[in-house]
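# Secondary and tertiary structure notes
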Amino acid sequence: MADQIVLRNVTKIFTTKTLGDITAVDNFNINVHEGECFSFLGPSGCGKSTTLRMIAGFEDLTAGEIELCGKLVSSSSKKLYIPPEERGLGMVFQAFAVWPHLTVFDNVAFPLSIKRVNKTEIRQRVAEALKHTSLTGLEDVYPGELSGGQQQRIALARAIVTNPKVMLLDEPLSNLDPKLRETMRFEIKALQKKFGFTIIFVTHDQSEAMAISDRMMVCDMGKIMQIDTPENLYNHPNSRFVHNFLGESTFIKVTVKGGKVYPKGSNQELKINIPKGVTGDMVVATRPNEIELTTSSEEGFRTHIEKRIFLTDRTEYLVPVGEQMVKIQTPHRIRFNAQDECYVKFIEPIWYPVDDEKTEAERNKRQLI
Ligand code: ADP
């Protein structure tokens, strides 16, 4: 499949008065394939929007280059910047960026009007865009009279009316209520199927990204941490950060001594496979629903139930493992009471070095600006 969006060694450094130079985007290399839905995911300040703005052409590059549909559109070394309006992109941003003083028809027609497309063609194309966003019949209405979901549909209609090959969506659903978000997700995917455009989707919401994406990039503090399919990222996170960011995580500090694993603060062995060459202090990671809770001592770590919490779709148990409290989620039929003796078994945990995480202080500094 052809690569439709290519970032080569893209770096963006902002110089600020208070905190000096901030590397918002550090040497990004990304290839987005034609027709793919590719998400940028990561906590606030990780560089998602800056990357999107560079692709759109609103921001220049400190280093590197960007290619769209086989054409170089930004290059710091060649001093080349194609302006946003000539990049052939459709864009939808977080705030409802529709013009309140224009009718639905005029909002959607706007990108065609400025290109001086003739009136008959404008009418046809706007009608088509409105049909696909369920806005037919609302042509003469002003956005203020419509719901949040409908307003965001106007923005979508305006983005598809020019028939773009690439669509940039920056947190387009974050102002909508949860039910509507889900509906709009399906609508975006349906539009993509119909028109065949490539999507870059920016969000800090992991489940939204997982539901909509073919592949995702997870970044942290201006660095790409991992790019893969949602499933691979969830099952094979390459760092503690990615593990923690996608879904719930349980991290247990352990020490590996003489070929055995001991949780911090315990002399009882934790019977899990040790990867080759691993010794000393480490962290093993798992998910609350990947820990088996049993009454059988076989291969299990002996402990007790500290707390039982009955939730709607699962039961949650807090169980001490060494000096740490571990969260376990089970179906309701697995039934223990507080203070019961139990055994826990970790199913295929992943190993990480102890110093794999950036400090909170480092992360907070980036969010101050
Ligand atoms: P995200 O979209 O992931 O929340 P951003 O791309 O907005 O992150 O920001 C990345 C980093 O760059 C942050 O530390 C932010 O404070 C900094 N930054 C973004 N825009 C500017 C700017 N115009 N001037 C200075 N720093 C900026």
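This structure is a prediction, so every number in the text was calculated from the model and none was measured.

A word on the nonpolar core. With 33 residues, the main nonpolar core has Val 108, Val 126, Ile 188 and Ile 199 as its most contacted residues. Judged by nonpolar contacts, the second largest core, of 27 residues, contains Leu 52, Met 54, Val 73 and Val 166.

Okay, the sheet that holds strand β6 (residues 80-81) next. Reading across the sheet, the 5 strands line up as β2-β1-β4-β5-β6 and stay open at both edges, with antiparallel pairing between neighbours. Whereas interior strands pair on both sides, the edge strands pair on one side only; in this sheet they are β2 (20-33) and β6. Judged from the 4 bridges that link them, strand β4 (residues 63-68) and strand β5 (residues 71-75) form a sheet pairing that is antiparallel. Among the inter-strand pairings, Ile 66 is bridged to a residue of β5, identified as Ser 74. Relative to the sheet, helix α1 (residues 48-56) contacts β1 (3-16), β2, β4 and β5, its axis offset from that of β1 by approximately 120°.

Another aspect to go through is helix α5 (residues 178-195). Across its 18 residues, α5 extends 26 Å between first and last C-alpha, which sits within 8% of the 26 Å expected from 1.5 Å per residue. Looking at the buried positions of α5, the neighbouring elements they touch are β3 (37-41), α3 (119-132), α4 (148-160), β8 (166-170), β9 (198-203) and α6 (206-212). Two residues or fewer past α5, Gly 196 is found with a positive phi of approximately 70°.

What follows is about the domain arrangement of the protein. Each assigned domain of the protein is listed here: domain 1 (3-241) and domain 2 (252-353). Between the C-alpha centres of domain 1 and domain 2 there is a distance of 41 Å. With 6 residues of domain 1 in contact, the opposing surface of domain 2 contributes 6 residues. Between domain 1 and domain 2 lies a buried interface of about 510 Å² when both sides are counted; carbon and sulfur atoms form 53% of it. Looking at the side of domain 1 facing domain 2, the largest losses of area belong to Tyr 234, Pro 237 and Arg 240, adding up to 85% of the total buried there. The tally of links from domain 1 across to domain 2 stands at 0 salt bridges.

Next up on the list: the packing of helix α2 (residues 104-113) against α4. Look at α2 against α4: their axes get within 7 Å of each other, and the N-to-C directions meet at 30°. Judged by the twist between their axes, the crossing of α2 over α4 is right-handed. Residues Val 104, Asn 107, Val 108 and Pro 111 of α2 form the contact with α4, whose participating residues are Ile 154, Ala 157 and Arg 158. Counted by class, the contact of α2 with α4 contains 5 nonpolar, 1 polar and 1 charged residues.

What counts as what
- Residues numbered from 1 in each chain as written.
- Predicted model: local features only at pLDDT ≥ 70, side-chain atom pairs only at ≥ 80, totals over all residues.
- Heavy atoms only, no water.
- Core = buried A, V, L, I, M, F, W, Y, C linked by side-chain atoms within 4.5 Å.
- Buried < 20%, exposed > 50% of the residue type's maximum accessible area, 1.4 Å probe, protein only.
- Pairing = 2+ DSSP bridges.
- Helix = DSSP H or I, 4+ residues; strand = E, 2+ residues; numbered from the N terminus.
- Contact = heavy atoms within 4.5 Å.
- Axes fitted to C-alpha atoms, helices over the stretch in contact; angles between N-to-C directions.
- Expected span 1.5 Å × (residues − 1).
- Domains from an automatic or database assignment.
- Buried area = accessible area lost by both parts, 1.4 Å probe.
- Salt bridge = Lys/Arg side-chain N within 4 Å of Asp/Glu carboxyl O.
- Left-handed = near helix turned anticlockwise from the far one by under 90°.
- Nonpolar A, V, L, I, M, F, W, Y, C, P; charged D, E, K, R; others polar.

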